[in-house]
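# Chains, contacts and geometry: an overview
Listed here are the chains, written in short residue letters.
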Amino acid sequence: QTFAAAVNAPVGTVPSRFYYLRSGAGGTPLRFYSPTESPNDQAVTTLTNTAGIRRAAFDASGILYGLDDATPNNLHRFDINSNTLLSTIPVTFVGTPSGATYGGGDIAVDAQGVIWAVTQEIPGDRQVLLQIVISGTTATARKVGDISDTGGNAVFASPSNVGSVAFGSDGKLYFAKS
């Protein structure tokens, strides 16, 4: 079982909720939890043809992005206002090591709609930062660099030990090592 979670800002008629996806046989159930709604925990839909969505984040307009662990990786876009899967876009990697694959981690979306991912790069098991830009029906991921601690030492990962990433109210990208 894999798991991804994200909290939306209120958009349109949709209040702030804790959304989560849990991959399993037959697709990825999308659910939300809201302490102000009854019942508190509700099913939204099941996303079919998805594999191992482990990273999720909202953009400012309320679009939920989920990045899976398929080969190649796919970026799924879901509109919570209409409960509609908008698109599934294969991710093309540029400037990354030949044959490298990426798994686990987290994503965050900046104010310009650019997606930032912290993930495990295989081989090497380094935690890396990727920038993912969507243009029409394509998504391009570019490796920004390896993640290191304040002493300059590489931060290594395993699929169950990859950090999280989020934007602060100051617009800066923050990384939490797990």
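This text goes with the structure placed above it.
Residues numbered from 1 in each chain as written. Predicted model: local features only at pLDDT ≥ 70, side-chain atom pairs only at ≥ 80, totals over all residues. Heavy atoms only, no water.

### Notes on a nonpolar patch on the surface
- Taken together, the side chains of Phe-3, Val-7, Phe-18 and Tyr-33 make up a nonpolar region of the molecular surface, amounting to roughly 380 Å² of accessible area.
- Checked against the element boundaries, Val-7 lands in strand 1 (residues 2-7). (Patch = residues over 30% accessible without salt bridge, like charges linked within 9 Å, V, L, I, M, F, W, Y side chains within 5 Å. Areas by Shrake-Rupley, 256 points an atom, 1.4 Å probe, with all protein chains shown as cover. Salt bridge = Lys/Arg side-chain N within 4 Å of Asp/Glu carboxyl O. Helix = DSSP H or I, 4+ residues; strand = E, 2+ residues; numbered from the N terminus.)

### Overview of the layout of surface pockets
- Computed from the structure, the largest pocket encloses a volume of approximately 350 Å³.
- Along its surface, the largest pocket is lined by 21 residues, and Val-7, Ala-57, Phe-58, Ala-108 and Val-109 are the ones closest to its centre.
- Listed by contribution, the elements that provide at least two residues to the lining of the largest pocket are strand 1, strand 5 (55-58), strand 9 (101-109) and strand 13 (164-167).
- Per-element tally for the lining of the largest pocket: the top contributor is strand 9, with four residues.
- Looking at the lining of the largest pocket residue by residue, the classes come out as 16 nonpolar, two polar and three charged. (1 Å grid on protein atoms, 1.4 Å probe; cavity = no way out; pocket = protein on both sides within 12 Å on 5 of 7 lines; lining within 4 Å. Points joined across faces, edges and corners; volume = space filled by probe spheres on them. Nonpolar A, V, L, I, M, F, W, Y, C, P; charged D, E, K, R; others polar.)

### Remarks on the pairing of strand 14 (residues 173-176)
- Bridging between strand 13 and strand 14 involves four bridges; their strand directions are antiparallel. Note on strand 14: the bridge partner recorded for Ser-164 is Ala-176. (Pairing = 2+ DSSP bridges.)

### Here's the deal with empty space enclosed by the protein
- Tallying each qualifying case throughout the model produces two cavities of 30 Å³ or more.
- Its boundaries defined by the atoms lining it, the largest cavity holds a volume of some 40 Å³.
- Lining of the largest cavity is provided by Leu-21, Leu-47, Ile-53, Leu-64, Tyr-65, Gly-66, His-76 and Phe-78.
- Listed by contribution, the elements that provide at least two residues to the lining of the largest cavity are strand 6 (63-67) and strand 7 (74-79).
- Ranked by residue count, the leading element in the lining of the largest cavity is strand 6, at three residues.
- Residues that form the lining of the largest cavity fall into these classes: six nonpolar, two polar and no charged.
- Approximately 30 Å³ is the volume found for the second largest cavity.
- Forming the boundary of the second largest cavity are Arg-55, Leu-67, Asn-73, Phe-93, Tyr-102, Thr-119 and Leu-130.
- A breakdown of the residues in the lining of the second largest cavity according to their chemical character gives four nonpolar, two polar and one charged.

No statement about biological role is implied by the geometric values presented.
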